[in-house]
Amino acid sequence: MAKRIDVSGLNAYYGSFLAIEDISMTVEPRSVTAFIGPSGCGKSTFLRTLNRMHEVTPGGRVDGKVMLDDENLYGPGIDPVAVRREVGMVFQRPNPFPTMSVYDNVAAGLRLNGRYKKSEMDDVVEKSLKGANLWNEVKDRLNKPGSGLSGGQQQRLCIARAIAVEPNVLLMDEPCSALDPISTLAIEDLIGELKERFTIVIVTHNMQQAARVSDRTAFFNLAAVGQPGKLIEIDETERIFSNPSVQATEDYISGRFG
Amino acid sequence: MSNASLTDQRPPSSLRGATLPKWFAWAVAAGAVLLGLGISFAAGLDSSIQWALIAAVLFVAGSYGISAKVEGRRQAKDRTATSLVWVAFLLAIIPLASLIWTTVKRGVKVLDGYFLTHSMGYVRDTEPGGGIYHAILGTLEQVGIATVIAVPIGVLTAIYLVEYGRGKLAKAVTFFVDVMTGIPSIVAGLFILSLWILILDMGYSGFAGSMALAILMIPVVVRSTEEMLKLVPNELREASLALGVPKWRTIIKVVLPTSIGGITTGIMLAIARIAGETAPVLLLVWVTNLINANPFKDPQASLPMYIYLQFINSGGQGAAYDRAWAAALTLIAFIMILNLVARGIARWKAPKTGR
Ligand SMILES: Nc1ncnc2c1ncn2[C@@H]1O[C@H](COP(=O)(O)OP(=O)(O)O)[C@@H](O)[C@H]1O
Ligand SMILES: [Mg+2]
C-alpha cells in the first residue's frame, strides 16, 4: 500500500509570488516524515503540492516533479482527483462535514467511487474508525452528527475519513495544533500505528512532537519575509535533533532563531 | 466635576455611580405620552399620530436631561441611543401593525370556506356571494411556474458565480444580475408582452405572466443563493476535494446540503415577493371571473388583480369592497405562511451540532 515520494526541483507559486523554491527530497514508505520550520516558510504549501491541492487555491501553480513510486503526479494526463484518492490529507482544524452523521462522514469518500453494499460499507466504516482509535467512543452514536464530537474526536474522525479510501500516503498539516494535550497524545499514538500501513508526512510546530513521532525530519526556512521558503536539510530525526549538519537547523531547534 | 454637592453624593466606591431605577424609562415614557396627549389636545391637533411624535420627542429629550443630571453625560448618551432605537422600532412597527389590523378587521367579514372554494362566476360586483377560488388557483399556478423556471436558473447561476466564476464572464454575469435586480415589474411585463404577445402573437395566459414573474425572481434567487454559498467554509470544500471527490460532486454532496436551509429560505422569500405582483399580471394574464385551470391558454384570475378590480368596482363599500379585503387578507396569509415555512425549513436543515 505505502508508496515512496520523490520530489525534485519543485517550485510553487501563488500568482506571481514564489512561495517555495527548488525543493528536492525523498519520503520513505512506511515511515513518518516531519516538516518543521518557522511560520510562513511554506510547509503547508509544500504539503499541498504532494496531493495537488495547491492548485485548488486561486492562482496556485507548481513546476517540478513529484514521483509517487514511478509516476509523476504532475505528468501529462494525470487526473488530480485520482491523485487525491492515493494521497489523503488531514487538516489543521478538524473539519467533519456538518450535515453528515459520524457514519456518513467516514463513508463520504467511498460513496463516490461507485456503489457499495450496505454490509461492505459497514465493514469499511468500522475498520476505519477502529484504525483511527475512535470506534469505541462512537460505536453507539454512529448516526449522530459528526460535528457533535469533541475536537480531538473530530480530528480522529477526519483521520478515519481519510484512511477509509485506502490512500497510499497520508498528509497531515499540524493535525494537533487545535487540540488539547490528551487528544494530541491519542493522535500521536495513532500516527505510530498508521505508519505500518501508510507513508505519513506531518507538519508540526511542536519540536517534541516531531522528535516523538517521526523517523525523518525536514527543516524548512526562509531568508526573509517575501522570500521563497527552502528546504534546509532532511535527515534521520535523531541526527536532526542531536547533530544537524546545518547551523540554521541547530539554531532553530535550540531556540536560538533569528 | 468640582461641584461640591455632586462630590458629596458620590458613593465611596469609584466603580459604582449613581443609577436611576429600572422603572425610570417607563415613568418618563408614561409622562411623555400624557404630555403629548395634553399638548395635542390643547393645541387642537386632531391627527391620531401627531401626539405620538410629540411624545417621542419628549421622551428622548426628557430621559437625556434627567439622566444627564443624575447619572452623568455618558449614561445619558447611552439612554438616548437606546430610546432612539426604541422610537425607530415603534415607528416602524406602527404602520405594519395597523396594516395587518385593518386587513384582518375588514377581511374576516366574508372570508369563509365558501369564499375560498367558489369563483365569482356570474355574481355581479354589487351582489354579495362569490369567492376567490379562481384567483387562488391562478396565483398558485402562475407563481408555481415562475418558481419552476427561476429556481434552477437562479441557483445554477449562483453556483457558477461562487464555485467556478473567475474573470470577465463572471463579472459580466454579476453585472447583469445587478441590473436585473433593479428592473421595475412593469418593465419586465412589457418585455414579455412585446416578445410573447406582440412578436410571437401568443394570447394572454398564466404562463406569459409566469415568465415575467420569473424575470423578477431570478436575481433575488441568485443573490440570496450566492450569499449562502459564500457562507460555506472553504475547509469543507477542501476536505471533500482532498478525499478525491470531484468538484461537481463536492458541490452537490457537501456545499449544497450545508447551505440548503438558507437557499430555501431565500427562494421562499423570492416567491413571497412575486406573489403580490400586479403589473405583469395585468399586462400578460389579464383577468377572468371564471375558473381557468389551464395556465397555458386564455386569461386567468389572480389575487392581486382580483383585489384591484373588486376594489375599483366597489366604490368604497358594499359586497365587492368586503371581497377585496378578504382577498387581501388571503394574500397576506399566503405570504406569511411561506415565510413561516421558510423559517421552519431553515431551522430543520441547519447544520446540526447536537451531541
Ligand atoms: N492562499 C494564499 N495566497 C497567497 N499567498 C499565500 C497563500 N497561502 C500562503 N501564502 C504565502 O505562502 C507562504 C508560505 O505559506 P505557508 O505554506 O502557509 O507556510 P507555513 O505552513 O510554513 O506556515 C507565505 O509567505 C504565505 O504568505
Ligand atoms: Mg501552515
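Residues numbered from 1 in each chain as written. Chains lettered and ligands numbered in written order. Predicted model: local features only at pLDDT ≥ 70, side-chain atom pairs only at ≥ 80, totals over all residues. Heavy atoms only, no water.

**Observations regarding the overall build of chain A**
We apply this condition: Under the scheme used here, helices are H or I runs from DSSP no shorter than 4 residues and strands are E runs no shorter than 2 residues, and both carry numbers assigned from the N terminus. Two things to know: the radius of gyration comes from C-alpha atoms, and the globule rule equals 2.2 Å times the number of residues to the power 0.38. Type-normalised accessible area, obtained with a 1.4 Å probe on protein chains alone, sets the label of each residue: buried when under 20%, exposed when over 50%, and partly exposed for intermediate values. The contact criterion used is simple: two residues touch if any of their non-hydrogen atoms lie within 4.5 Å.
Along its length, chain A carries ten helices and ten strands. Its C-alpha radius of gyration of 18 Å places chain A within 12% of the 18 Å reference for a compact globule of 258 residues. Burial status across chain A gives 56% buried among its 258 residues. Of the contacts made within chain A by residues no fewer than 6 positions apart, 68% connect residues no fewer than 24 positions apart.

**Remarks on the overall build of chain B**
Looking only at helices and strands, one finds 14 helices and zero strands in chain B. At 28 Å, chain B has a C-alpha radius of gyration far larger than the 20 Å of a compact globule built from 355 residues. Structurally, chain B occupies a C-alpha span of about 90 × 70 × 40 Å along its principal axes. In chain B, which comprises 355 residues, the proportion classed as buried is 41%.

**Remarks on the packing of helix α6 (residues 133-164) of chain B against helix α11 (residues 247-275) of chain B**
Residue and element names in this part refer to chain B. Heads up, the rule is: Axis definition: a line fit to C-alpha positions, over the contact stretch in the case of helices; interaxial angles, taken between N-to-C directions, run 0 to 180 degrees. By the definition adopted for this analysis, an angle is roughly parallel if under 35 degrees, roughly antiparallel if over 145, roughly perpendicular if from 65 to 115, and oblique otherwise. By definition, any crossing whose near helix is turned counterclockwise from its far helix by less than a right angle is left-handed, and any crossing with a clockwise turn is right-handed. By the convention adopted, Pro, Cys, Tyr, Trp, Phe, Met, Ile, Leu, Val and Ala count as nonpolar, Lys, Arg, Asp and Glu as charged, and the other residues, Gly among them, as polar.
Where α6 contacts α11, the two axes come as close as 10 Å, and the packing angle between them is 140°. Accordingly, the angle class assigned to the pair α6 and α11 is oblique. In this structure, α6 meets α11 at a crossing whose hand is right-handed. Residues Thr139, Val143, Ala146, Thr147, Val151, Val155, Ile159, Glu163 and Tyr164 of α6 pack against Lys247, Trp248, Ile251, Val255, Leu256, Ile263, Ile267, Ile271, Ile274 and Ala275 of α11. Across the contact of α6 with α11, the residue classes break down as 15 nonpolar, two polar and two charged.

**Quick word on the packing of α11 of chain B against helix α14 (residues 318-349) of chain B**
Residue and element names in this part refer to chain B. Taken N-terminus to C-terminus, the directions of α11 and α14 make an angle of 175°; their axes are 8 Å apart at the nearest point. Regarding the angle of α11 to α14, the classification is roughly antiparallel. Of α14, the residues touching α11 (which contributes Ile260, Gly261, Thr264, Thr265, Met268, Leu269, Ile271, Ala272 and Ala275) are Leu331, Phe334, Ile335, Leu338, Asn339, Val341, Ala342, Ile345, Ala346 and Lys349.

**Details of the confidence of the model for chain B**
Residue and element names in this part refer to chain B. What counts, and what does not: Predictor confidence is given residue by residue as pLDDT, running from a minimum of 0 to a maximum of 100.
Across chain B, the average pLDDT comes to 90, with 95% of residues at or above 70. Ranking the elements of chain B by mean pLDDT puts helix α1 (residues 4-9) last with 51 and α6 first with 97. Scored by ipTM, the complex comes to 0.93, with pTM at 0.87.

**Brief notes about the nonpolar core**
So the rule is basically this: For this analysis, a nonpolar core means a set of buried residues of the types Ala, Val, Leu, Ile, Met, Phe, Trp, Tyr and Cys, connected via side-chain atoms within 4.5 Å.
One finds Met25, Phe35, Phe46 and Phe220 of chain A together with Met217 and Leu284 of chain B to be the most contacted residues of the largest nonpolar core, which totals 92 residues. With 13 residues, helix α9 (residues 206-231) of chain B is the largest single contributor of residues to this core. Counting residues in each nonpolar core, the second largest holds 41 residues, with Ala34, Ala160, Leu179 and Ile200 of chain A among its members.

**Section: the interface of chain B and chain A**
Put simply, the test is: Accessible-area loss on putting two parts together, using a 1.4 Å probe and summing over both, is the definition of buried area adopted here. One side-chain nitrogen of Lys or Arg within 4 Å of one carboxyl oxygen of Asp or Glu is enough to make a salt bridge. Counted as a polar contact is a pair of N or O atoms within 3.5 Å, where, for protein atoms, one must be capable of donating a hydrogen and the other of accepting one, and residues adjacent in sequence contribute only when both atoms are in side chains.
Taken together, the contact pairs 22 residues of chain B with 32 residues of chain A. Buried surface at the junction of chain B and chain A, both sides included, amounts to about 2,200 Å², of which 64% is carbon and sulfur. If you look at where chain B meets chain A, you find two salt bridges. Of the charged contacts in the structure, one is a salt bridge between Glu238 of chain B and Arg48 of chain A, with a shortest N-O distance of 2.8 Å. At the junction of chain B with chain A, the criterion picks out three residue pairs in polar contact (both at pLDDT 80 or more). If you list the elements that add at least two residues to the side of chain B that touches chain A, you get α10 (234-242) and α11 of chain B.

**Comments concerning the site of ligand 1**
All names here are of chain A. Rules: Nearness of a residue to a molecule or strand requires only that one of the residue's heavy atoms be within 4 Å of it. Computed with a 1.4 Å probe, the accessible areas rest on the Shrake-Rupley method; for each residue, only the protein chains presented here act as cover.
By nearness alone, every residue bordering ligand 1 is listed as Tyr14, Phe17, Ala19, Pro38, Ser39, Gly40, Cys41, Gly42, Lys43, Ser44, Thr45 and Thr57. In the environment of ligand 1, an oxygen atom lies 2.4 Å from a nitrogen or oxygen atom belonging to the side chain of Thr45. Relative to its free-state accessible area of 560 Å², ligand 1 is covered by the protein chains to the extent of 61%. Counting only elements with at least two residues in the shell around ligand 1, the list comes to β2 (17-27) and α1 (43-49). Considering every element that reaches the shell around ligand 1, the biggest residue donor is α1, with three residues. Residues of the shell around ligand 1, tallied by class, amount to five nonpolar, six polar and one charged.

**Regarding the UniProt feature "domain: ABC transmembrane type-1" (unreviewed entry) in chain B**
Using the following cut-off: UniProt positions are given in the numbering used here, feature names are shortened, and annotations may be inferred rather than shown by experiment.
With numbering matched to this structure, UniProt assigns "domain: ABC transmembrane type-1" (unreviewed entry) to residues 136-342 of chain B. As annotated, residues 136-342 of chain B has a helix share of 80% and a strand share of 0%, and its two end C-alpha atoms lie 20 Å apart.

**Looking at the packing of aromatic side chains**
For any two aromatic rings, the description comes down to two numbers: the centre-to-centre distance and the angle of the planes. Residue and element names in this part refer to chain A. Here is the rule we go by: Here is the rule: rings of Phe, Tyr and Trp (six-membered ring for Trp) pair when centre to centre is within 6.5 Å. Planes less than 30 degrees apart are stacked, more than 60 are edge-to-face, and the remainder are tilted. Each ring is checked for a lysine NZ or an arginine CZ that lies within 6 Å of its centre and within 35 degrees of its normal; such an atom marks a charge sitting over the ring.
All told, the structure shown has eleven aromatic pairs over all chains when counted by the stated rule. On the numbers, 5.7 Å between centres and 45° between planes, the contact of Phe46 with Phe220 is tilted. With Phe46 in helix α1 and Phe220 in strand β9 (residues 216-222), the pair connects residues that are 174 residues apart, well separated along the chain. Accessibility classification places Phe46 together with Phe220 in one group, the buried group. Taken together, the aromatic side chains of Phe35, Phe46 and Phe220 make up a single cluster linked through ring pairs. One residue, Arg161, lies across the ring of Phe97, its end atom 4.5 Å from the ring centre.

**Re helix α3 (residues 50-70) of chain B**
All names here are of chain B. Rule in force here: Here the expected length of a helix is defined as 1.5 Å per residue gap, with one fewer gap than residues. The arc in question is formed by the directions pointing from the helix axis toward the C-beta atoms.
Between its first and last C-alpha atoms α3 spans 30 Å; for 21 residues at 1.5 Å apiece the expected length is 30 Å, and the two agree. Among the residues of α3, Ala55, Ala56, Phe59, Val60, Ser63 and Ser67 are the ones counted as buried. Around the axis of α3, the buried residues are gathered within 135° of arc, so they sit on the same side. Among the exposed residues of α3, those oriented more than 90 degrees off its buried face are Val57 and Lys69. For α3, the secondary structure elements touched by its buried residues are α2 (24-42) and α4 (73-107). Positioned one or two residues after α3, Gly72 has a phi angle of 115°, which is positive.

**Topic: the domain arrangement of chain B**
Residues and elements named next belong to chain B. We apply this condition: Per the annotation, domain bounds derive from an automatic or database assignment of domains.
Here chain B is described as being made up of domain 1 (2-107) and domain 2 (133-348). Contact residues are listed per partner, giving seven residues for domain 1 and eight residues for domain 2. On the domain 1 side of the contact with domain 2, Thr103, Arg106 and Gly107 bury the most area, a combined 73% of that side's loss. Across the contact surface, domain 1 and domain 2 share zero salt bridges.

**Quick look at the UniProt feature "transmembrane region" (unreviewed entry) in chain B**
In the numbering used here, UniProt assigns the "transmembrane region" (unreviewed entry) feature to residues 23-43, 49-68, 80-101, 143-162, 174-198, 204-222, 254-276 and 324-346 of chain B. Helix makes up 88% of residues 174-198 of chain B and strand 0%, and the two end C-alpha atoms of the span are 30 Å apart.

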